[in-house]
Amino acid sequence: MIRNGVEFKLTKVQDCQNGISIDLFLHLSLIPAVLIVGVLSFLQKRAQRLGIDHRLPFLRGRFAIVVPLDTIGSLSNRWSYGFAFGAVSSSVLLLFSERYIPFTVPPWARAIVYLVGALEVGLVYFPFFACLSTPFRAAGAMLGILYSLSWIVVTVWDTFTCPDGKILGRHQKIIIQWPCILSLVFLLGRFVYMLVKTIRIRLQLEQEDSEELNEQHQVEHVKRLLRKTPAHSKPLSWFQSRVYEWDPYFKFPNRIIGTAIISLIGLYTMTLADYSLSNVAFTQVEKWKNTLEQLVLSCNQTEGLKAMIPPLEEFIIVARKSWLTTTIFASLNSVAYTFHVLACYRKHMKRLWKGQRGFLPEKFQKPSSAVSVASTARYSGWQIAFTLWGYLIVHFVHFVFALLLAYGLALPIKHGRVVSMLTNLGIIILTIGLVIGLVILQVALVQIFFLQDKLSPTDKQKPLALNNRKAFHCFNYFFFFYNVVMGISNCILRLLFSIVVGTWLVSRIDRTIMQRGYETMDAGYSTWIGMIFADHYHNNPVMVCFCQLLVSNKLESHTAPVYSTYSNMPPEHAVNSLARRRWKLLYTLLRNPHLILLRKHHLSSPSSIQSSSSPQSDVLVRAWVMASQTQSQQTTLPEITVTPAEDC
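Just so it is clear, the model here is predicted, and its values are computed rather than measured.

Grouped together as the largest cluster of nonpolar side chains are 42 residues, with contacts concentrated most on Tyr-125, Phe-128, Phe-129, Trp-151 and Phe-191. Filtering out sequence-adjacent residues up to four positions away, Phe-128 remains in contact with Tyr-147, Ser-148, Trp-151, Leu-184, Leu-187 and Phe-191. Within the second largest apolar cluster, 23 residues are counted, among which are Ile-509, Trp-528, Ile-529 and Met-531.

Here it is in structure tokens:
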């Protein structure tokens, strides 16, 4: 049995040679990825012709830029892009490990290697996003099915043929890879749905979706703004008022959903690795303790070391249980932060839509345009990194508090030292209570004796006006010496609270951990502010709907015939038709002054103009001047062009 256990441990450490190497497949996937991107680029046409189109006219504007996803304006296929990010998560976490670098490089070149690795991972997974966003649905669906199916086969084969690993032991790959496999299966189903929908549209069994600037939820949001607010609204439940209130007219962008999914998958993987590595570490510490215990038993003059063994053994047990417990709390805390960031994003966006910027520091109320756009590109990566590192930092803070709680409360009760523990705890609570009580006493004395009476019985508090000034000066003098001593303790408490709160909120970049005036030193918070401003300027529902109305009216004006406004006019608008025609006439004559000479009552010779001194002659002279100036400025063909008036 011992031999079998040793063999199992050895085989658990060794690499499996029966499966397909995912790392090698990642490198080889560059070839089909480049081919797929090339095909999609060939299908698209460029909006502007380049010099190469004149040299190679057979291209006909082909090989345009393939966009993987719109990270700012697009709100469609959000969950499809989210699962595409979920498929990328395993390779993104691989970049954090040393295993990604297959060869030895000097320390100064590691940054370049990581940059090349990030570009490689981005290019390998580029077809998933490009096939979802391409306007050529049939080609994108077919290529996406083939590419995602190959990744599913290789990943499932490697996972089930070599399930063991060095960190989690048995079934490590199954435990870690199942979110990635689930995301790939979802993408495969999405591509199949796209292909079926494209076929139905070709067979005219289904209507093609219209492409507009605005989404339906943005239209509904604007309609809600235009409605009258009801006098009596339905009261919110406890969950809606304290936790989250669902808004059907708000949707998170693709970037935010993808960031949240990768953060959750990364937290899941890091929690498993944390638990396994801590178990291995505590097991190794126990082995060292057993070795030390055997050394003490074999030697005679080791009374000092012998006395250290029981406390060390107790510390190992307490630390192991504390670390396991705080692992659960730190994981739940990080997951709650991930969802809380989504809620804060929606809250901040709604405030910006209303024109409210008071919740931002003064320096961040007008961020630079370049900084905002760059923040949009940085946000996802920084949010994922802050979430994972924040988990480790918060876990350590929880672990320290758990040890203090165990040695301060649990162990004294276990060892029967309840009286001494309560005595020490009572002294601490009494000291803190006296300090707080004296602070409250100062405020109460000032409220009763040193403030003037209320100006009105309905006032909530007394005015800021001193009363009994001589007594207040004596009160201020005697409390001066006590406040010096109390200020020292408050200074230490302020430092401790800043450290605890700063480490607790390190993963939340939606809130700065710096003091007022030093917010610019918080790079994470600066990225958050720039990102929400970029989304605000590009996704404001009122602005987007207004632009859609402009585009729709522009298209209607191009397709409608000239002066089509006057056709089919209702009878109730007949009164205004004369005024509208006159306004059209005035506008047309101002734009085309030579037409004044062609009107019926102005068709006369120049000699008659000279012999007449009526006001109409002045009009004709002015028209001649305006017509001559207009003709001198034009270099087009010598034919009369009439510019029709437009609706204003």
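From this point on, the discussion continues.
There is a patch of nonpolar side chains on the surface, built from Leu-405, Leu-409, Ile-413, Val-418, Leu-422, Leu-425 and Ile-429 and spanning about 590 Å² of accessible area. Elements represented by at least two residues in the nonpolar patch include exactly α14 (369-414) and α15 (418-449). A per-element tally of the nonpolar patch places α15 first, with four residues. Structurally, Leu-409 is set in helix α14.

Here the focus is the packing of aromatic side chains. Aromatic ring pairs are defined here through the distance separating the ring centres and the angle between the ring planes. Per the counting criterion, the structure on display carries 27 aromatic pairs. For the ring pair Phe-479 and Tyr-482, a centre distance of 6.5 Å and an interplane angle of 80 degrees mean the geometry is edge-to-face. A residue pair is termed a helical-turn pair when its members lie 3 or 4 positions apart in one helix, as Phe-479 and Tyr-482 do in helix α16 (residues 469-504) at three residues. Of note, Arg-351 hangs over the ring of Phe-359, and the distance from its end group to the ring centre comes to 5.1 Å. The ring of Trp-382 carries the charged tip of Arg-378 above its face, separated from the ring centre by 5.2 Å.

Moving on, we come to the packing of helix α7 (residues 126-133) against helix α8 (residues 137-161). Relative orientation of the contacting elements α7 and α8 amounts to 155 degrees, with a least axis distance of 8 Å. By the angle between their directions, the pair α7 and α8 is classed as roughly antiparallel. α8 is crossed by α7, and the crossing has left-handed handedness. Contacts between α7 and α8 involve Pro-127, Phe-128, Cys-131 and Leu-132 from the former and Arg-137, Gly-140, Leu-143, Gly-144, Tyr-147, Ser-148 and Trp-151 from the latter.

A word on the packing of α7 against helix α9 (residues 172-202). Running from amino to carboxyl end, α7 crosses α9 at an angle of 30 degrees, the nearest separation of the two axes being 11 Å. Classified by the angle their axes make, α7 and α9 are roughly parallel. Considering only the axes of α7 and α9, their crossing is left-handed. Residues Phe-128, Cys-131 and Leu-132 of α7 touch α9, and the partners they reach there are Leu-184, Leu-187, Arg-190, Phe-191 and Met-194. Per-class residue counts for the contact of α7 with α9 are seven nonpolar, no polar and one charged.

This part covers empty space enclosed by the protein. This structure, assessed with the given rule, holds four cavities of 30 Å³ or more. When its volume is computed, the second largest cavity comes out at roughly 60 Å³. Around the second largest cavity sit Ile-256, Thr-259, Ala-260, Ser-263, Thr-338, Val-341, Leu-342, Tyr-379, Gln-383 and Thr-387, which together line it. Those elements that provide at least two residues to the lining of the second largest cavity are α12 (254-298), α13 (303-353) and α14. Here the element with the most residues in the lining of the second largest cavity is α12; it accounts for four residues. Classifying every residue of the lining of the second largest cavity by side-chain character gives five nonpolar, five polar and no charged.

The rules behind the values
- Residues numbered from 1 in each chain as written.
- Predicted model: local features only at pLDDT ≥ 70, side-chain atom pairs only at ≥ 80, totals over all residues.
- Heavy atoms only, no water.
- Core = buried A, V, L, I, M, F, W, Y, C linked by side-chain atoms within 4.5 Å.
- Buried < 20%, exposed > 50% of the residue type's maximum accessible area, 1.4 Å probe, protein only.
- Contact = heavy atoms within 4.5 Å.
- Patch = residues over 30% accessible without salt bridge, like charges linked within 9 Å, V, L, I, M, F, W, Y side chains within 5 Å.
- Areas by Shrake-Rupley, 256 points an atom, 1.4 Å probe, with all protein chains shown as cover.
- Salt bridge = Lys/Arg side-chain N within 4 Å of Asp/Glu carboxyl O.
- Helix = DSSP H or I, 4+ residues; strand = E, 2+ residues; numbered from the N terminus.
- Phe/Tyr/Trp six-rings, centres within 6.5 Å; stacked < 30°, edge-to-face > 60°.
- Lys NZ or Arg CZ within 6 Å of the ring centre and 35° of its normal.
- Axes fitted to C-alpha atoms, helices over the stretch in contact; angles between N-to-C directions.
- Parallel < 35°, antiparallel > 145°, perpendicular 65-115°, else oblique.
- Left-handed = near helix turned anticlockwise from the far one by under 90°.
- Nonpolar A, V, L, I, M, F, W, Y, C, P; charged D, E, K, R; others polar.
- 1 Å grid on protein atoms, 1.4 Å probe; cavity = no way out; pocket = protein on both sides within 12 Å on 5 of 7 lines; lining within 4 Å.
- Points joined across faces, edges and corners; volume = space filled by probe spheres on them.

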